[in-house]
Amino acid sequence: QVQLVESGGGLVQAGGSLRLSCAASGSTFRSDAMGWYRQAPGKQRELVAQGTWAGSTTTVDSVKGRFTIYRDNAKNTMDLQMNSLRPEDTGVYYCNYRGGSGTYWGQGTQVTVSS
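Here's what I pulled together on the structure shown here. (Residues numbered from 1 in each chain as written. Predicted model: local features only at pLDDT ≥ 70, side-chain atom pairs only at ≥ 80, totals over all residues. Heavy atoms only, no water.)

1. Comments concerning the side chain of Asn 96
Next up, step 1: Note that Asn 96 resides in strand E9 (residues 91-99).
Next up, step 2: By relative accessible area, which is 4% here, Asn 96 ends up buried.
Next up, step 3: Apart from the residues within four sequence positions on either side, Asn 96 is in contact with Leu 4, Ala 33, Met 34, Gly 35, Tyr 37, Thr 103, Tyr 104 and Trp 105. (Helix = DSSP H or I, 4+ residues; strand = E, 2+ residues; numbered from the N terminus. Buried < 20%, exposed > 50% of the residue type's maximum accessible area, 1.4 Å probe, protein only. Contact = heavy atoms within 4.5 Å.)

The following block contains the structure:
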């Protein structure tokens, strides 16, 4: 089992910044990837960014140049730095962990961007 603890969501005005943090604990002996997904009201959950154990990172086009993912393999943490936030970035952000023991989700943290 892997436990994920998220922090850092909140309310921010458009153009502002937030940093989300996710810490994994438990059976983290073999991790393939950690990432951040988000779900806006009435929409499906979508990938925002992820980083693999090998060091590669992926960010979706809608956040390129604004969001940066930071992964620390030694600490099993993954941060998402979000700059130049837009109202369309509003949603619940979920940390995701994929590894040898399975796929796990955090409880989610709300990000609200006001116009």
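2. Points about the nonpolar core
General note: in soluble globular proteins, nonpolar side chains tend to be found buried as a group.
Next up, step 1: Residues Leu 4, Trp 36, Phe 67, Leu 80, Met 82 and Tyr 93 are the most contacted members of the largest nonpolar core, which totals 24 residues.
Next up, step 2: Secondary structure elements with two or more residues in this core: strand E1 (2-7), strand E3 (18-26), strand E4 (31-39), strand E5 (46-52), strand E7 (67-72), strand E8 (77-82), E9 and strand E11 (109-114).
Next up, step 3: Here the element with the most residues in this core is E3; it accounts for four residues. (Core = buried A, V, L, I, M, F, W, Y, C linked by side-chain atoms within 4.5 Å.)

3. Details of the state of the cysteines
Next up, step 1: In total, this model carries one disulfide according to the counting rule given.
Next up, step 2: Two residues, Cys 22 and Cys 95, share a disulfide whose sulfurs are 2.0 Å apart. Disulfide Cys 22-Cys 95: torsion about the S-S bond near -80 degrees, hence left-handed. Of this pair, Cys 22 sits in strand E3 while Cys 95 is found in strand E9, placing the two residues 73 residues apart along the sequence. (Disulfide = S-S within 2.5 Å.)

4. A word on the pattern of salt bridges
A pair can form between side chains of opposite charge whenever their charged atoms are brought close.
Next up, step 1: Tallied over the entire structure, the rule returns four salt bridges.
Next up, step 2: A salt bridge links Asp 89 to Arg 66, with the shortest nitrogen-to-oxygen separation between them at 2.7 Å. One end of the pair, Asp 89, is in the loop between E8 and E9; the other, Arg 66, is in the loop between strand E6 (57-59) and E7, with 23 residues separating them in the sequence.
Next up, step 3: On the basis of relative accessible area, Asp 89 is assigned to the buried category, the value being 0%.
Next up, step 4: Salt bridges here are not isolated pairs; linked through shared partners, they connect Arg 38, Glu 46, Arg 66 and Asp 89. (Salt bridge = Lys/Arg side-chain N within 4 Å of Asp/Glu carboxyl O.)

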